[in-house]
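# What the coordinates show
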Amino acid sequence: MNYTKDYRGKSWWDIFPKNGQINFTHNYKQTDYWFCAYGEARVILDGTSHYMSQGDFIEIPPNTWHGLEALTDFGLIYCLTEKYDANNPDEQRMPFDTF
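For the structure given in this document, a descriptive report is provided here.

### Let's talk about the overall build of the protein
- A count of helical and extended segments in the protein gives zero helices and 10 strands.
- Secondary structure elements in the protein, listed N-terminal to C-terminal, are β-β-β-β-β-β-β-β-β-β.
- Across the 99 residues that make up the protein, the buried fraction comes to 31%.
- For the protein, restricting intrachain contacts to residue pairs at least 6 apart in sequence, the fraction spanning at least 24 positions comes to 68%.
- Carbon and sulfur atoms provide 51% of the accessible area of the protein, an area that totals close to 6,300 Å².

Okay, structure coming up:
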C-alpha cells in the first residue's frame, strides 16, 4: 500500500492494492472490519487462507494475524475500533515472506 500526503498536509494510506500486491501479515488489539468494494484478494487470518470478492465483509477480531494478497486490482474499505496510538504502538508484524 502507498502512503500519500497532499498539499494541505493531509495524509492517508492507499487502500486500493494492485494485482499481486501483498500487505504484511500483522496483528494488534483493535477489531478490523473489511469490505471488498471490487476485485478479489486472498486474505490470511491466523494462517488460514480465505478469499474476498466484491460485496464480501470480514470482521477480524483483536490479536488475529491478518494480511492480504490482491489477486486483481482490489478496493478495500475498512475501519478499526480504536485509533492507532503512536506513543504506545501495539502492532506486531511478521516478515514479508511469511504470507
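### Topic: the pattern of salt bridges
- Considering all chains together, one arrives at two salt bridges under this definition.
- Notably, a salt bridge pairs Lys 29 with Glu 82, separated by 3.9 Å at the nearest N-O pair. Here the residue Lys 29 occupies a position in the loop between strand 3 (26–27) and strand 4 (32–38), and Glu 82 occupies one in the loop between strand 9 (75–80) and strand 10 (92–93), the gap between them amounting to 53 residues.
- For Lys 29, a relative accessible area of 43% gives the class partly exposed.
- A salt bridge links Glu 69 to Arg 42; its shortest N-O distance comes to 3.1 Å.

### Digging into the sheet that holds strand 9
- Strand order in the open sheet made by the three strands is 7-4-9, with antiparallel pairing throughout. Sheet topology places strand 7 (57–60) and strand 9 at the edges, where each strand pairs with a single neighbour. Shown here is a sheet whose adjacent strand axes are inclined to one another by a mean of 20°, direction ignored.
- Here strand 4 pairs with strand 9 via six bridges, running antiparallel. Looking at strand 9, one finds that Cys 36 is bridged to Leu 76.

### Details of the environment of Gln 30
- Its location among the elements puts Gln 30 in the loop between strand 3 and strand 4.
- Classification of Gln 30 by relative accessible area gives buried; the value is 4%.
- Distance in space between the C-alpha atoms of Gln 30 and Tyr 84 is 8.7 Å, their sequence separation being 54 residues.
- Setting aside its immediate chain neighbours within four residues, Gln 30 contacts Ile 60, Pro 61, Pro 62, Leu 80, Thr 81, Glu 82, Lys 83, Tyr 84 and Asp 90.

### With respect to the packing of aromatic side chains
- Scanning the entire structure with this criterion turns up one aromatic pair.
- Residues Tyr 33 and Phe 57 carry aromatic rings whose centres are separated by 6.0 Å and whose planes lie at 20° to one another, so their mutual orientation is stacked. In this pair, Tyr 33 sits in strand 4 while Phe 57 sits in strand 7, placing the two residues 24 residues apart along the sequence.
- Judged by relative accessible area, Tyr 33 falls into the partly exposed class, the value being 25%.

### Remarks on the nonpolar core
- Counting residues in hydrophobic clusters, the biggest one holds 12 residues: Trp 34, Cys 36, Ala 41, Val 43, Leu 45, Met 52, Ile 58, Ile 60, Leu 68, Ala 70, Phe 74 and Leu 76.
- Broken down by element, the residue count for this core peaks at three residues, all from strand 5 (residues 40–45).
- Apart from residues lying up to four places away in sequence, Ile 60 is in contact with Gln 30, Thr 31, Asp 32, Trp 34, Leu 45 and His 66.

Definitions and cut-offs
- Residues numbered from 1 in each chain as written.
- Predicted model: local features only at pLDDT ≥ 70, side-chain atom pairs only at ≥ 80, totals over all residues.
- Heavy atoms only, no water.
- Helix = DSSP H or I, 4+ residues; strand = E, 2+ residues; numbered from the N terminus.
- Buried < 20%, exposed > 50% of the residue type's maximum accessible area, 1.4 Å probe, protein only.
- Contact = heavy atoms within 4.5 Å.
- Areas by Shrake-Rupley, 256 points an atom, 1.4 Å probe, with all protein chains shown as cover.
- Salt bridge = Lys/Arg side-chain N within 4 Å of Asp/Glu carboxyl O.
- Pairing = 2+ DSSP bridges.
- Axes fitted to C-alpha atoms, helices over the stretch in contact; angles between N-to-C directions.
- Phe/Tyr/Trp six-rings, centres within 6.5 Å; stacked < 30°, edge-to-face > 60°.
- Core = buried A, V, L, I, M, F, W, Y, C linked by side-chain atoms within 4.5 Å.

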